[in-house]
Amino acid sequence: MAMVDEPLYPIAVLIDELKNDDIQLRLNSIRRLSTIARALGEERTRKELIPFLSENSDDDDEVLLAMAGELGVFIPFVGGVEHAHVLLPPLESLCTVEETCVREKAVDSLCKIGSEMRESDLVDSFVPLVKRLAAGEWFAARVSACGLFHVAYQGCTDVLKTELRSIYNQLCQDDMPMVRRAAATNLGKFATTLESSYLNAEIMTMFDDLTKDEQDSVRLLAVEGCAALGKLLEPQDCVARVLPVIVNFSQDKSWRVRYMVANQLYELCEAVGPDCTKTDLVPAYVRLLQDNEAEVRIAAAGKVTKFCQLLNPELSIQHILPCVKDLSSDSSQHVRSALASVIMGMAPILGKDSTIEHLLPIFLSLLKDEFPDVRLNIISKLDQVNQVIGIDLLSQSLLPAIVELAEDRHWRVRLAIIEYVPLLASQLGIGFFDDKLGALCMQWLQDKVYSIREAGANNLKRLAEEFGSEWAMQHLVPQVLEMVNNPHYLHRMMALRAISLMAPVMGSEITCSKFLPVVVEASKDRVPNIKFNVAKLLQSLIPIVDQSVVDKTIRQCLVDLSEDPDVDVRYFANQALQSINGAAVA
């Protein structure tokens, strides 16, 4: 008998933990509701577990959040879609709690369940639930109701549909701003389920009310609805009903609303079409680029390239470029940074001549900006300009500024330049690289910041791959080997790091003739950090060189290091010796 009861014991514990005083135990049990339901069976889950959960809606928010999520995937555990309605009561009570994230999760779960329910159950159980929530005294219930209408509406009778539209209209005019905000947020979803005949007559009336709301938090959510509704309407209706709203919003007294318009402008332009964009939205966008509030200018500046894609180059040059020039010297560094992150993308749109005439001066100005993020954003997108104007012009106009930035006082800017050097090298060719950038590459190995030194060593490897081992042997290897004798131990260590990265690229012959003697000599360094890095480096050279070199030179050096007074040196030397022995056995 004990053997039969034993599998049920953990389930009994989980059920007891649902009532435990310890929140962590309750949480653990809620997260395993599906296990409990499987053990109880479908009928007992419907008759015992779900009613228990319905009564348990005054628990801690963390437990309620987990419960709301679990119930959304509970249909298989209550007997399938024909019994899905039994899951509605606990979720309905969760839709009325004060904590927003619990309500949102409960609404998500209700939407999942409602979308799987049979039409008859939807009418008998789901629609009454939505109506109860919409009529709730506490605002939280009405807020939750707004997110359920698009599920409830489908499959209803015409009478019920009319009632639901009327209720939603009342929610759009609710006394509480939180409810009106929820109605504005969900209006687009609800509109997608409506018959087209009601869009103009009823939904757009609700939308108009929301766009004139006294609370800016409601109006800015209505901005998001503009694009969604615009795509549902016929083009002529969109121009007549949505376009005037967008133009008015771009001049709204609240900067938050104007910010939202600037942020959503590309989607709004797609909704109203190219003709209206050119005639009505270009002036609105220009106003946003010149807005008094820096946050609005930041949002508008970040969309400048996407917006120009919708226009022909002449319109962009005539209307947008003057604003871009002003923004490049804006008083806010964040505006300049937002502009710098996208302005390079304008080069392909405007073409070579216009880029040279209008954009290059702006690029140069931003490359010399005092704020490092602005310079960084320009550097990281240089390849977009190179494709348009060609390497010769790029090297004449922008490279002097790039060389200057390679010694920038902000290390992140120097890092961005280093990461860009291999690409520059491949585009400029060996000759130009040697003249302008070669000296900088060795300079970075001795930088004060470790990240720069590490990136500099990686850069040497990538250059060796780009230009070949012969070029590297002539221009890089002698200077790296010279650094091994540097009085500063960090520079000596970085020389070893560069050797470890370059050795696989340079091949066995150069590694044995040039690198290995220097590394063996470095094993006698007085600094333990150098010595254990030598041990790690020798281990990395094992696959590159011949076995005879391993046995004759590398093994002996590691044996000497394995007897070093320093514990770390001995550890890494023994690790390397083990890998030699392992390779020999293999």
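The text that follows walks through the structure, step by step, so that each part is easy to find. (Residues numbered from 1 in each chain as written. Predicted model: local features only at pLDDT ≥ 70, side-chain atom pairs only at ≥ 80, totals over all residues. Heavy atoms only, no water.)

## Overview of the overall build of the chain
Consideration 1: Per the secondary structure count, the chain includes 40 helices and zero strands.
Consideration 2: In summary, the chain has a C-alpha radius of gyration of 34 Å against a globular reference of 25 Å for 586 residues, an excess of more than 25%.
Consideration 3: Projected onto the principal axes, the alpha-carbon positions of the chain cover approximately 90 × 85 × 35 Å.
Consideration 4: Taken over 586 residues, the chain has a buried fraction of 53%.
Consideration 5: Sequence separation of at least 24 residues holds for 67% of the intrachain contacts in the chain that already meet a minimum separation of 6.
Consideration 6: Each charge class in the chain was averaged separately, 56 positive and 81 negative side chains, and the resulting centres sit 4 Å apart. (Helix = DSSP H or I, 4+ residues; strand = E, 2+ residues; numbered from the N terminus. Rg over C-alpha atoms; globule rule 2.2 N^0.38 Å. Buried < 20%, exposed > 50% of the residue type's maximum accessible area, 1.4 Å probe, protein only. Contact = heavy atoms within 4.5 Å. Lys, Arg positive; Asp, Glu negative; His and termini not counted. Charge placed at Lys NZ, Arg CZ, Asp CG, Glu CD.)

## Comments concerning the state of the cysteines
Consideration 1: Under the defined criterion, the tally for this structure stands at zero disulfides.
Consideration 2: Take Cys308: it sits in no disulfide, and the sulfur closest to it among the cysteines is that of Cys323, at 9.9 Å.
Consideration 3: Judged by its relative accessible area of 0%, Cys308 falls in the buried class. (Disulfide = S-S within 2.5 Å.)

## Focus: the packing of helix 13 (residues 177-193) against helix 14 (residues 196-211)
Consideration 1: Between helix 13 and helix 14, the least distance of the axes is 10 Å, while the angle of their chain directions is 155°. When the axes of helix 13 and helix 14 are compared, the pair comes out roughly antiparallel. Every pair of crossing elements has a handedness; the one defined by helix 13 and helix 14 is left-handed. Along the contact surface, helix 13 presents Arg180, Ala183, Ala184, Leu187, Phe190 and Ala191, while helix 14 presents Leu199, Ile203, Met206, Phe207 and Leu210.
Consideration 2: Residues belonging to the contact of helix 13 with helix 14 are distributed by class as follows: 10 nonpolar, no polar and one charged. (Axes fitted to C-alpha atoms, helices over the stretch in contact; angles between N-to-C directions. Parallel < 35°, antiparallel > 145°, perpendicular 65-115°, else oblique. Left-handed = near helix turned anticlockwise from the far one by under 90°. Nonpolar A, V, L, I, M, F, W, Y, C, P; charged D, E, K, R; others polar.)

## Describing the packing of aromatic side chains
One pair of aromatic rings is described through two measures. These are the centre distance and the angle between the planes.
Consideration 1: Counted by the stated rule, this structure contains 11 aromatic pairs.
Consideration 2: Between Phe149 and Tyr168 the ring centres are 5.0 Å apart and the planes differ by 85°, which places this aromatic pair in the edge-to-face class. Highlighted residues: Phe149 in helix 11 (residues 149-152) and Tyr168 in helix 12 (residues 158-172), separated in sequence by 19 residues.
Consideration 3: Aromatic ring contacts, followed pair by pair, group Phe149, Tyr153, Tyr168 and Phe190 into a single cluster.
Consideration 4: Above the ring of Tyr198, the side-chain terminus of Arg165 is found at 3.5 Å from the ring centroid.
Consideration 5: Over the ring of Phe572 we find Lys536, and its NZ or CZ is 5.0 Å from the ring centre. (Phe/Tyr/Trp six-rings, centres within 6.5 Å; stacked < 30°, edge-to-face > 60°. Lys NZ or Arg CZ within 6 Å of the ring centre and 35° of its normal.)

## Comments concerning helix 3 (residues 23-30)
Because each turn of an α-helix spans 3.6 residues, side chains separated by three or four positions in sequence point in the same direction.
Consideration 1: Among all positions of helix 3, only Arg26, Leu27, Ser29 and Ile30 are buried. End-on, the buried residues of helix 3 take up no more than an arc of 165°, which puts them together on one face. (Arc of directions from axis to C-beta.)

## A few points about the pattern of salt bridges
Consideration 1: Scanning the entire structure with this criterion turns up 19 salt bridges.
Consideration 2: Among the ionic pairs, Asp174 bridges to Arg142, the shortest N-O distance being 2.8 Å. Here Asp174, found in the loop between helix 12 and helix 13, pairs with Arg142, found in helix 10 (residues 139-146); they are 32 residues apart in sequence, far enough to count as distant. Here Asp174 matches Arg142 in class, with each residue buried.
Consideration 3: The salt bridge partner of Arg297 is Asp330, with a shortest N-O separation of 2.8 Å. Remark: Asp330 occurs in the loop between helix 22 (313-327) and helix 23 (333-343) and Arg297 occurs in helix 20 (residues 294-301); sequence separation between them is 33 residues. (Salt bridge = Lys/Arg side-chain N within 4 Å of Asp/Glu carboxyl O.)

## Quick look at the nonpolar core
Consideration 1: Counting residues in each nonpolar core, the largest one holds 212 residues, and the members touching the most others are Phe74, Phe126, Phe149, Ile320 and Ile343.
Consideration 2: A total of 10 residues in this core trace back to one element, the largest contributor, which is helix 36 (residues 489-506). (Core = buried A, V, L, I, M, F, W, Y, C linked by side-chain atoms within 4.5 Å.)

## Remarks on the side chain of Asn486
Consideration 1: Topologically, Asn486 is positioned in the loop between helix 35 (477-483) and helix 36.
Consideration 2: Once residues within four sequence positions are removed from consideration, Asn486 is found in contact with Gln446, His491 and Arg492.

## Observations concerning the side chain of Arg492
Consideration 1: In this fold, Arg492 is placed in helix 36.
Consideration 2: Here Arg492 falls in the buried class, since its relative accessible area comes to 6%.
Consideration 3: Of the polar contacts made by the side chain of Arg492, one reaches the backbone oxygen of Asn486; its length is 2.9 Å.
Consideration 4: When sequence neighbours within four positions are dropped, the list of residues in contact with Arg492 reads Met483, Val484, Asn485, Asn486, Pro487, Asp525, Arg526, Val527 and Ile530. (Polar contact = N/O pair within 3.5 Å; in protein donor to acceptor, adjacent residues only side chain to side chain.)

## Things to note about the packing of helix 12 against helix 14
Consideration 1: Running from N to C, helix 12 and helix 14 point in directions that differ by 15°, and their axes come no closer than 9 Å. Compared by their axis directions, helix 12 and helix 14 come out roughly parallel. For helix 12 against helix 14, the interelement crossing comes out left-handed. When helix 12 is examined against helix 14, the residues Arg165, Tyr168, Asn169 and Cys172 are found in contact with a partner set consisting of Tyr198, Glu202, Met206, Asp209 and Leu210.
Consideration 2: Split by residue class, the contact of helix 12 with helix 14 holds five nonpolar, one polar and three charged.

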